[in-house]
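Working through the structure, step by step
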Amino acid sequence: MHRTSQSVVVVLVAVAAGRAWAADGAYSIKQADTFAPKELQEPIRKLLDNKSLQLHGTNGMTVCELWFRKEVPAKATPEQVKNGLTYRELEESTVIGAVRFDQPSTDYRKQKIKPGVYTLRLGFQPMDGDHMGTAPFGEFCLLAPAQLDTKPDLIEAKDLRELSAKAIGSAHPGVLLLYPNEKPEDAPKLVDKGSNTWVLTLKEPVTVDGQKAANGLGIALTLIGHTTAE
């Protein structure tokens, strides 16, 4: 093969590799004035902020776009609010936000996610032997198909897992791992956790008994990254 042809092949391979969302490079986030997708059911859509956060690869391609709630309801004591709220002060299945994947992706369990719009609901890892050692933390955002998630009411954990499984087309729900975020910064930030794991951190406004809490809830959502458990 001539040197020129070899160079063309190298360039083409590099371009193809870049389309894999710059898996070996850095990601970035951008805030945008984008209304929540019309694919969402209106009772859920109206709870979401009109600003979104877009995750981009190094080649500029949008990986996904996220919308979070204007305010998340929590059940907490004044002492808990003062000390800093955690995911456990929210009820399981609480709607956290929504996400649109523009390209095929994978969840924390390496399951395939098709392009489309999904709600994000809070889920807790079941306390049984089947899930031991599969994740460093026990809180997740579960994906649910936008067209099937009709209202933001709380639902039973079993029903949530079954609904989320329909997003993936498997027997297991689609999950995005939540890291602790005890001291959230005011501005959203993308954090490199190593091992090609990228986590979106932000401060989410919270209401307790209908009143806005002085301190919000720190969210740290894994957008890129997988479990190391087999």
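Residues numbered from 1 in each chain as written. Predicted model: local features only at pLDDT ≥ 70, side-chain atom pairs only at ≥ 80, totals over all residues. Heavy atoms only, no water.

**Examining helix H4 (residues 157-168)**
- The terminal C-alpha atoms of H4 lie 17 Å apart, and with 12 residues this matches the ideal 16 Å at 1.5 Å per residue to within 8%.
- All of the buried residues along H4 are Leu160, Leu163, Ser164, Ala165, Ala167 and Ile168.
- Against the buried residues of H4 lie strand E7 (112-113), strand E8 (116-124) and strand E9 (139-145).
- Just downstream of H4 lies Gly169, where phi reads positive at about 75°. (Helix = DSSP H or I, 4+ residues; strand = E, 2+ residues; numbered from the N terminus. Expected span 1.5 Å × (residues − 1). Buried < 20%, exposed > 50% of the residue type's maximum accessible area, 1.4 Å probe, protein only. Contact = heavy atoms within 4.5 Å.)

**What about the sheet that holds strand E11 (residues 189-194)?**
- As summarised here, the arrangement of the 3 strands in space is E11-E12-E15, forming an open sheet in which the pairing is antiparallel. With one partner strand each, in any of the chains shown, E11 and strand E15 (217-224) form the two edges of the open sheet. Between one strand axis and the next, the sheet turns through 30° on average, direction left out of account.
- As paired elements, strand E12 (residues 197-204) and E15 share 7 bridges and run antiparallel to each other. Bridge assignment links Thr201 to a residue of E15, and that residue is Ala220. (Pairing = 2+ DSSP bridges. Axes fitted to C-alpha atoms, helices over the stretch in contact; angles between N-to-C directions.)

**Quick word on the pattern of salt bridges**
- This structure, assessed with the given rule, holds 10 salt bridges.
- Arg45 is the salt-bridge partner of Glu42, the closest N and O atoms lying 3.9 Å from each other. Taken together, the residues Glu42 and Arg45, both in helix H2 (residues 42-45) and 3 residues apart, mark about one turn of the helix.
- Residue classification places Glu42 among the partly exposed residues on the basis of a relative accessible area of 46%.
- A salt bridge links Glu65 to Arg100; its shortest N-O distance comes to 2.6 Å. Of this pair, Glu65 sits in strand E3 (residues 62-68) while Arg100 sits in strand E5 (residues 95-101); the two residues are 35 residues apart in sequence, bridging distant segments of the chain. (Salt bridge = Lys/Arg side-chain N within 4 Å of Asp/Glu carboxyl O.)

**Considerations on the packing of aromatic side chains**
- As enumerated under the stated definition, the model contains 4 aromatic pairs in all.
- Judged by centre distance (6.2 Å) and plane angle (70°), the rings of Phe101 and Tyr118 are edge-to-face. A residue pair is termed long-range when its members are at least 10 positions apart, and Phe101 in strand E5 and Tyr118 in strand E8 qualify at 17 residues. This pair shows no difference in class: Phe101 is buried, exactly as Tyr118 is. (Phe/Tyr/Trp six-rings, centres within 6.5 Å; stacked < 30°, edge-to-face > 60°.)

**Remarks on empty space enclosed by the protein**
- With the rule as written, the count across this model stands at 1 cavity of 30 Å³ or more.
- Space inside the largest cavity adds up to approximately 30 Å³.
- Forming the boundary of the largest cavity are Tyr87, Ile96, Leu122, Cys141, Leu178, Leu217 and Ile219.
- Considered class by class, the residues forming the lining of the largest cavity number 7 nonpolar, no polar and no charged. (1 Å grid on protein atoms, 1.4 Å probe; cavity = no way out; pocket = protein on both sides within 12 Å on 5 of 7 lines; lining within 4 Å. Points joined across faces, edges and corners; volume = space filled by probe spheres on them. Nonpolar A, V, L, I, M, F, W, Y, C, P; charged D, E, K, R; others polar.)

**Observations concerning the nonpolar core**
- The biggest cluster of nonpolar side chains holds 50 residues, and the ones touching the most others in it are Leu66, Leu143 and Leu221.
- Sequence-distant contacts of Leu221, that is, excluding residues within four places in its chain, are made with Leu66, Phe68, Leu120, Cys141, Leu176, Leu177, Leu178, Trp198, Val199 and Leu200.
- In terms of nonpolar packing, the next biggest core, distinct from the first, is built from 7 residues, Leu48, Ala98, Val117 and Ala146 among them. (Core = buried A, V, L, I, M, F, W, Y, C linked by side-chain atoms within 4.5 Å.)

**Notes on the side chain of Glu89**
- With respect to the helices and strands, Glu89 occurs in the loop between helix H3 (78-83) and E5.
- Although Glu89 lies buried, it forms no salt bridge, and the closest oppositely charged side chain, Arg88, sits 8.0 Å away as judged by the N-O distance.
- Here the side chain of Glu89 touches Thr86 through a polar contact of 2.7 Å, landing on its backbone nitrogen.
- Setting aside residues no more than four positions away along its own chain, Glu89 makes contact with Ala74, Lys75, Ala76, Gln80 and Gly84. (Lys, Arg positive; Asp, Glu negative; His and termini not counted. Polar contact = N/O pair within 3.5 Å; in protein donor to acceptor, adjacent residues only side chain to side chain.)

**Quick word on the pairing of strand E2 (residues 52-56)**
- Within E2, 5 of the 5 residues are buried, which leaves the element mostly enclosed by the surrounding structure.
- Burial of E2 is two-sided: the residues Ser52, Gln54 and His56 facing one way and the residues Leu53 and Leu55 facing the other way are all buried.
- For strand E1 (residues 28-32) and E2, the ladder comprises 5 bridges, and the chain directions are antiparallel. Following the sheet pairing, Ser28 is matched in E2 by His56.
- As defined by bridge partners, E2 adjoins E3 across 4 bridges and the pair is classed as antiparallel. Looking at the pairing, Leu53 lines up with Leu66 of E3.
- Connecting the antiparallel pair E2 and E3 is a turn made up of 5 residues, with Gly60 showing a positive phi of about 90°.

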